[in-house]
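Fold and contact review
Below, each chain spelled out in residue letters.
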Amino acid sequence: MSSSPQVILAPTNSKDTIAVNITITNGYLRYHDSIDPVLSQLNMTMPAKQWTCILGRSGCGKTSLLRYLAGLLDQQVTWSGEYAINANQQVLADLNNQIAYMAQQDLLLPWLSVLDNVTLSSKFGGKMSKSASKVTSQASTNKALTLLAKVGLADNAQHFPQQLSGGMRQRVALARTLMQDKPVVLMDEPFSALDAVTRYRLQDLACELLADKTVVLITHDPQEAIRLADQIYIMQGTPASAENLSVPTSATPRQFDAECAQLQQQIMSCLAKEYRDESEDEDEDEGESGVGYE
Amino acid sequence: MRVRVVLDMSELINNLTPAQSNAVKNTDKQQRHISPWLRAIISTLVIIGIWQSIVDIFAMPSFILPAPLAVFERLIERHEVLFKHTLVTAQEIVFGLLLGLFMGLFFALQMLLFKPIKHWLLPLLIASQAIPVFAIAPVLMLWLGYGMASKIVMAALIIFFPVTTCCYDGLRNTPTGYLDLAKTMGATKWQLLRHIQLPASLPTLASGIRVAVVIAPIGAVAGEWVGSSAGLGYLMLQANARMMIDEMFAALLILSALSILLYFVTDKVLKKLIPWEG
């Protein structure tokens, strides 16, 4: 069903021209093993080549939404509502083969070197890797080395993940994400486990390197959203829906100014509202599925 | 404001403390580190000392507990015979290990890939461990003869359960994050198995192998006791029947040395192959 438009998208050298935007209208998502939906009445637009930041308290369904977009929940959930994906005027049925996924953990495979971790996606089949296999492995190694140099880890290519610090590991994960070269990048709190300065630097780096992608970033940190977002959604309620907040028009990554402070105030009061009527029962579905692995 | 800063500082120190104390512990460890060879020599000497003193204090007759020196004399005197039989037992253990590992891996993969099979295989798996090897040994002798084959199968049977369960657990408990990542990269079921699940299961499998290496000799020697014409177990039985207790002890010493050597070599190899293991 979705394969024919993907073939049209296949030429990878024209990556700059692939611009995917996602529109969700009246979205509804329910896990098969639960009676209550996680999301309903969800309206969202994720414009091409922009950063969409999603805020919300733990367990509100942010991660479920992201995992649904990543195609990881197809077997487990019921979805209804309009879900439109436009890629260069082509309409796609789903985001398969269009996304790169970056999680809170770096998810570097400990048995592979840094370089092999970056080129991991070339091991896996599908339409993209066929076109990738035409490029010799030498070329993909060169590309990986260039990307590692971009994230400042050129000297660590032959190291193993356990020899690196947390910040370096997450930078390798960023290089791996860039290596996949997909038009959509889904990020689930990728910087939350890092210390303040490392996080700041990595935000700048990601902002620079992912400028031409459609980025969906889940975060708990209002300041992170304010620095990086072209638009901000706050998810709240049970089941959750999304509320759009207007964002300063200045270029990202933003310096923190009065306007940002005001927006932060607005975000905080929006989020606090949710905690005030907490007497409602807890949402058990998401269960921090993005956090509890290790 | 000042109070807050102080609080932050104390938080900072609290955060640092575990790392620092770890560092202190590590240097402590390094300072106290004794060469493994030295450790082996010391513990051997201690055991021999205790052994000798028991012989002296209780005035043990040599047909109950021979003195260490007598055993060593026997060890040197009969080294050719002992070596011949050691070789047989060692081969049985190694081949038994390989067979058991292969079978365990195979069964674990079957259970992973074909979920319904698991419920059928599980009773078989448990039975393989619950029936004492001594009980099936005569049957195996009957089917496979007095040669090496029956002992290899015995050793394989006895390690089958730990290897299979460890391997299956390792395959089943792949971190969800790895699987998610590979799935978003478009990995097929086979690619997931080959590139993610199998390598991710190696540390768990390694602990299964460590257990297997230690218990495999039990299977081999038990097999030799029930019926054989070669091997350390056979030698011990013969020596016992002829009241050559020192020779029996010599065989026993070799058997323990063999097991220890096998364990440490395996451990070394596994650590080399799986450097990311805890």
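See the structure printed just above.
Now for a look at the structure at hand.

Quick notes on the rules
Residues numbered from 1 in each chain as written. Chains lettered and ligands numbered in written order. Predicted model: local features only at pLDDT ≥ 70, side-chain atom pairs only at ≥ 80, totals over all residues. Heavy atoms only, no water. Helix = DSSP H or I, 4+ residues; strand = E, 2+ residues; numbered from the N terminus. Buried < 20%, exposed > 50% of the residue type's maximum accessible area, 1.4 Å probe, protein only. Areas by Shrake-Rupley, 256 points an atom, 1.4 Å probe, with all protein chains shown as cover. Expected span 1.5 Å × (residues − 1). Bend = angle between axes of the 7 residues up to and from the residue. Core = buried A, V, L, I, M, F, W, Y, C linked by side-chain atoms within 4.5 Å. Contact = heavy atoms within 4.5 Å. Buried area = accessible area lost by both parts, 1.4 Å probe. Salt bridge = Lys/Arg side-chain N within 4 Å of Asp/Glu carboxyl O. Polar contact = N/O pair within 3.5 Å; in protein donor to acceptor, adjacent residues only side chain to side chain. Nonpolar A, V, L, I, M, F, W, Y, C, P; charged D, E, K, R; others polar.

Attention now moves to the overall build of chain A. Each helix and strand in chain A was counted, giving nine helices and 10 strands. Here chain A holds 294 residues, and the buried ones make up 52% of them. By element, 50% of the accessible surface of chain A is carried by carbon and sulfur atoms, the whole surface being about 12,900 Å².

With 25 residues, helix α7 (residues 148-172) of chain B should cover 36 Å at 1.5 Å per step; its first-to-last C-alpha distance of 35 Å lies within 8% of that length. Along α7 of chain B, the sharpest change in direction is near 40 degrees and occurs at F160 of chain B; proline P162 of chain B comes one to four residues later.

Once that is clear, we can look at the nonpolar core. Ranked by size, the top nonpolar core spans 84 residues in total, and within it I24, M44, Y83, L95, L186 and M235 of chain A carry the most contacts. No other element matches the 13 residues that helix α9 (residues 189-226) of chain B contributes to this core. The residues contacting Y83 of chain A, other than those within four sequence positions of it, are I22, T23, I24, Y68, L69 and L95 of chain A. Counting 47 residues, the second largest nonpolar core, distinct from the first, contains L148, M187, A206 and V215 of chain A.

Within the secondary structure, W276 of chain B is located in the segment after α11 (245-273). The class for W276 of chain B is buried, based on a relative accessible area of 18%. Ignoring anything within four residues of it in the chain, the contact list for W276 of chain B reads P110, W111 and Q162 of chain A together with P199, L202 and P203 of chain B.

With 20 residues of chain A at the interface, the matching set in chain B holds 19 residues. Across the chain A/chain B interface, buried area totals approximately 1,900 Å², and carbon plus sulfur atoms make up 71% of it. The largest per-residue losses of area from chain A upon contact with chain B belong to L107, W111 and F124 of chain A, which jointly make up 33% of the total buried on that side. Where chain A touches chain B, the interface holds one salt bridge. Taking the shortest distance from any N to any O, the salt bridge between R67 of chain A and D180 of chain B comes out at 2.5 Å. Linking chain A to chain B there are one residue pair in polar contact (both at pLDDT 80 or more). Where the side of chain A that touches chain B is concerned, the elements lending two or more residues are β6 (99-102) and α6 (166-180) of chain A. Residues that form the side of chain A that touches chain B fall into these classes: 12 nonpolar, four polar and four charged.

Honestly, it's all geometry; don't read function into it.
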